[in-house]
Amino acid sequence: MRTFLPCATALPAPFRDIETCMHSKRASVGTDMTFSKNKAAGWSRRNFLTTTVASTMTVTLLDRARGQTAPAADVPPDANTPLNIKLHINGRDQRLTLDARTTLLDALREHAGLTGTKKGCDHGQCGACTVLIDNRRVLSCLSFAAMAEGREVTTIEGLAKPDGTLHPMQQAFIDHDAFQCGYCTPGQIMAAVACVHEGHAENDAQIREFMSGNLCRCAAYPNIVDAIKQAKPQMKDA
Ligand code: FES
Ligand code: FES
């Protein structure tokens, strides 16, 4: 049977080492005579042994290499495996079992039972889903729930005090009639609270600019600006 015999210099380094090692061993014990004797015929015992060892080592080293490059820990997790996560929402821990791709908005509404946060566009364009994470406003429809683990999530349900006293911004929205249908209102209020904390409520123009990510189909914008101006000094005192 004719067997392909690679040139020693074309072999990968480990096989060249094997070749060199075998040659020097045979030379040292005087058994490498057949090499020169059968070289002209193009085939020899040395060739046969080299091919056999190289083939065997190829299988062995490849198996080992496969084992080294793909250890169990590097296998990517199955995206369909549910995640067990703990969210800290409105001052309370909530343990949820979720698909890894669940948005924070769906986790709040569908799993935590907090339906105050509204789903408008579900594409990051209307602001209805605004919540606070570590006191910064976030569009929950564009955030994975798993990304909020270990952080403080505040929704519209968490603004009032435990005794029921409304947050100054909630009260100001009522006082200024800053809504009609009310669908955008939770997101407007959360964004307004963040707007004041950020220092972006110095005047009407600034309020309008920094509230421009929250749309209101009922066009309650003038009333919303008035509400924010009322709540701002009260939030400092609170
Ligand atoms: S629902 Fe998130 S931005 Fe519209
Ligand atoms: S109050 Fe109706 S959408 Fe804003």
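Worth saying up front: this structure is predicted, and the values here are computed from it rather than measured. (Residues numbered from 1 in each chain as written. Chains lettered and ligands numbered in written order. Predicted model: local features only at pLDDT ≥ 70, side-chain atom pairs only at ≥ 80, totals over all residues.)

Student: What am I meant to see in the overall build of the protein chain here?
Tutor: Within the protein chain, the secondary structure is distributed over eight helices and five strands. Of the regular secondary structure in the protein chain, the N- to C-terminal order runs α-α-α-β-β-α-β-β-β-α-α-α-α. The buried share of the protein chain, taken over its 238 residues, is 28%. Considering only contacts within the protein chain whose residues lie at least 6 apart along the sequence, 56% involve residues at least 24 apart. (Helix = DSSP H or I, 4+ residues; strand = E, 2+ residues; numbered from the N terminus. Buried ≥ 20, exposed ≤ 12 C-beta atoms within 10 Å, placed from the backbone. Contact = placed C-beta atoms within 7 Å.)

Student: How do you make sense of the pairing of strand β3 (residues 130-133) when you look at a structure like this?
Tutor: Consecutive side chains of a regular strand alternate in pointing toward one face of the sheet and then the other. With four bridges connecting them, β3 and strand β4 (residues 136-139) associate as antiparallel partners. Paired with Ile133 across the two strands is Arg136, which belongs to β4. Connecting β3 to the antiparallel partner β4 that follows it, the hairpin turn spans two residues, and Asp134 within it adopts a positive phi of roughly 50°. (Pairing = 2+ DSSP bridges.)

Student: For this particular structure, what's the right way to read helix α8 (residues 221-237)?
Tutor: Because an α-helix packs 3.6 residues into every turn, residues spaced three or four apart end up facing the same way. Between its first and last C-alpha, α8 extends 25 Å over 17 residues, near the 24 Å set by a 1.5 Å rise per residue. Along α8, the helix axis deviates most sharply at Ala231, where the bend reaches about 30°; the proline Pro233 sits within four residues downstream. Buried within α8 we find Ile224, Val225, Ala227, Ile228 and Ala231. Looking at the buried positions of α8, the neighbouring elements they touch are α5 (168-175), α6 (185-197) and α7 (204-210). (Expected span 1.5 Å × (residues − 1). Bend = angle between axes of the 7 residues up to and from the residue.)

Student: Help me understand the nonpolar core, please; the structure alone is not making it clear to me.
Tutor: The tendency in soluble globular proteins is for nonpolar side chains to be buried side by side. By size, the foremost hydrophobic cluster in this structure holds 46 residues, and its most contacted members are Leu87, Met190, Ala192, Cys195 and Ile228. Secondary-structure elements contributing two or more residues to this core are β1 (83-89), α4 (104-111), β3, β4, α5, α6, α7 and α8. Counting residues per element, this core draws most heavily on α6, which supplies eight residues. Residue contributions to this core reach at least three from each of two domains, namely domain 1 (84-158) and domain 2 (159-238). Contact partners of Leu87, with chain neighbours within four places excluded, come to Gln94, Leu96, Ala107, Ala145, Ala148, Glu149 and Val153. (Core = buried A, V, L, I, M, F, W, Y, C linked by C-beta atoms within 7 Å. Domains from an automatic or database assignment.)

Student: Explanation requested: the sheet that holds β1 in the structure shown.
Tutor: The strands that make up a sheet pair up through hydrogen bonds in the backbone, lying either parallel or antiparallel. Strand order in this open sheet of five strands is β2-β1-β5-β3-β4, and the pairing throughout is mixed. Either end of the sheet is taken by a strand with one partner, and the two such strands are β2 (92-98) and β4. The mean angle between the axes of side-by-side strands here comes to 40°, regardless of whether they run parallel or antiparallel. Pairing between β3 and strand β5 (residues 152-154): two bridges, direction antiparallel. Within the sheet, the bridge partner assigned to Leu132 lies in β5 and is Thr154. (Axes fitted to C-alpha atoms, helices over the stretch in contact; angles between N-to-C directions.)

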